[in-house]
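Summary of the model geometry
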Amino acid sequence: MKASFHNLGCKVNSYETESMQQLLVAAGYEIVPFEEEADVCIINTCSVTNIADRKSRQMIHKAKKISPDAIIVATGCYAQMFSEDVVKDGFADIIIGNNNKNSLVRLIEEYKKSMEEPIVAVEDLSHGCEYENMISTETVEHTRAFIKIQDGCNQFCSYCIIPFARGRIRSRDMEDIISEAGALGEAGYKELVLTGINLSAYGIDCGSSLIEVIENIAAIPEIKRIRISSLEPGIITEEFLTRLKKVDKICPHFHLSLQSGCDSVLSRMNRHYTTGEYYEKCEMIRKVFELPAITTDIITGFPGETEEEFATTLDFVKRCNIYETHIFKFSRRKGTKADKMPGQLTDKVKSERSTRLSAVAKDNTYGFMEANIGRRVSVLLEEEVTLGGGRYLIGFTKEYVKVGVAAECGALPGDILEGTIKGFINKDTMLLEEI
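To keep things clear, this report deals only with the structure shown in the data block. Keep in mind that this is a model prediction, so the values were computed, not measured.

Here we come to unusual backbone geometry. In this model, methionine 115 sits at a positive phi of 55 degrees, which is unusual for a non-glycine residue. Inspection of the secondary structure puts methionine 115 in the loop between helix H5 (104-112) and strand S6 (119-121). Owing to a relative accessible area of 44%, methionine 115 belongs among the partly exposed residues under this scheme. The backbone of phenylalanine 156 shows a phi angle near 55 degrees, a positive value even though the residue is not glycine. By the element assignment, phenylalanine 156 lies in the loop between strand S7 (144-151) and helix H6 (162-166).

Another aspect to go through is the sheet that holds strand S12 (residues 293-300). Within the open sheet, the three strands sit side by side as S11-S12-S13. Their pairing is parallel. Edge strands, defined here as strands with exactly one partner in the open sheet, are strand S11 (253-255) and strand S13 (324-329). The sheet shows a mean angle of 15 degrees between the axes of neighbouring strands, taken without regard to direction. Summarising the sheet, S12 and S13 pair through six bridges and their orientation is parallel. Paired with threonine 296 across the two strands is threonine 325, which belongs to S13. Sheet strands touched by helix H13 (residues 347-371): S12 and S13. Its angle to S13, the strand with the most contacts, is close to 170 degrees.

Here the focus is the environment of isoleucine 162. Position of isoleucine 162 relative to the elements: it lies in helix H6. Along the sequence, isoleucine 162 and valine 48 sit 114 residues apart, while their C-alpha atoms lie 6.7 Å from each other.

Attention shifts here to H13. The end-to-end C-alpha distance of H13 is 36 Å, a good match for the 36 Å that 25 residues give at a rise of 1.5 Å each. Of all the positions in H13, only Lys350, Arg353, Ser354, Leu357, Val360, Ala361, Asn364, Thr365, Phe368 and Met369 are classed as buried. Contacts made by the buried residues of H13 are with S12, helix H12 (307-320), S13, strand S17 (416-424) and strand S18 (430-434).

The strand order S14-S15-S16-S18-S17 describes a closed barrel built from five strands, whose pairing is mixed. Pairs of neighbouring strands in the sheet enclose a mean axial angle of 50 degrees, with direction left out of account. Relative to S17, strand S14 (residues 376-387) runs antiparallel, the two sharing five bridges. Of the residues in S17, the one forming a bridge with arginine 376 is threonine 420.

Calculation criteria
Residues numbered from 1 in each chain as written. Predicted model: local features only at pLDDT ≥ 70, side-chain atom pairs only at ≥ 80, totals over all residues. Heavy atoms only, no water. Helix = DSSP H or I, 4+ residues; strand = E, 2+ residues; numbered from the N terminus. Buried < 20%, exposed > 50% of the residue type's maximum accessible area, 1.4 Å probe, protein only. Pairing = 2+ DSSP bridges. Axes fitted to C-alpha atoms, helices over the stretch in contact; angles between N-to-C directions. Contact = heavy atoms within 4.5 Å. Expected span 1.5 Å × (residues − 1).

Listed below in structure tokens is the structure:
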């Protein structure tokens, strides 16, 4: 039996897709590319925006077109939120919610017995549930691996559907985390990226904390680097940073979710901080770490956002000197408070503001990269590529600055190389020279 996968959305989805692949391999399936005909096609959907919903539907339809006789499985956030629509659409045979993915093999076998009515395995996540312990000990990347340690969110930002799609916060057992991290280290992965739906909330439900996870993983000899995915500003405290600084393996790369650089917009978004507090967190990080990378997300065109409010965001992003800014145009999500807010802006306004913010973001990115010239850094090499007619081994510093070193240096992908950044190879990649 052959199975194919298509993943949409975030790193948590990617992790869960890899875990489901390993479940099917263990059951005797051969994993083939999505573009090839298969016996079972699994689409791990996303619902963070209207566009994500549309892409999810399109990929379910595409799977049926590529493999007309296959069992089509829809799972993930779109399947969780709109299972009835998926059933009515008529293309999916099995619909699996966000806390039943470990049941994939059983549900496929169950469906094979009748091949009649669709199977819907979607439970209500709004009142709390147990953490579904999925395991991924292999990844498509060769040098770094993601490890999911948390699910769910209790924030209920006014624009966000994810608390409804993922349910309440729930944390993975520490022993399971360390066991998987150890297995990944033994498999040759040198960098682990900790991920979750609201990573900062890890441990609230079990009396532990994110910093304890980091400290425990750091004790695994084979793991050389630990990177943290998106954080909420509130987790940044002097105690957290003091303990983090003592972990030599930590990557000083902090993705602090911002969403807007204007306090009035943040209030309407139901974000739980002010721009002053956010700026204070950035400065706390910079006092503890030398030239840390601070990256963020911003939504443009939130309901009622005036030109003055957007200009305030532009100024704030400049002042914070954010390394990279991921820009999203506001997307109305049925069931969220923002969907009903007055002052909905046109796509034209959202796009125009995204373009202006992108220009500021690019200046910040270049400025941060330029500030790295002359610094001694360590780089985890990933692959060999051609740039400007030359062959380079490409990798990333702990701060996630992309660098290249001459391919004839003798190093190999997977090696950690130390050297000095000398300048730019191109606008995206810096030149490393060994010392």
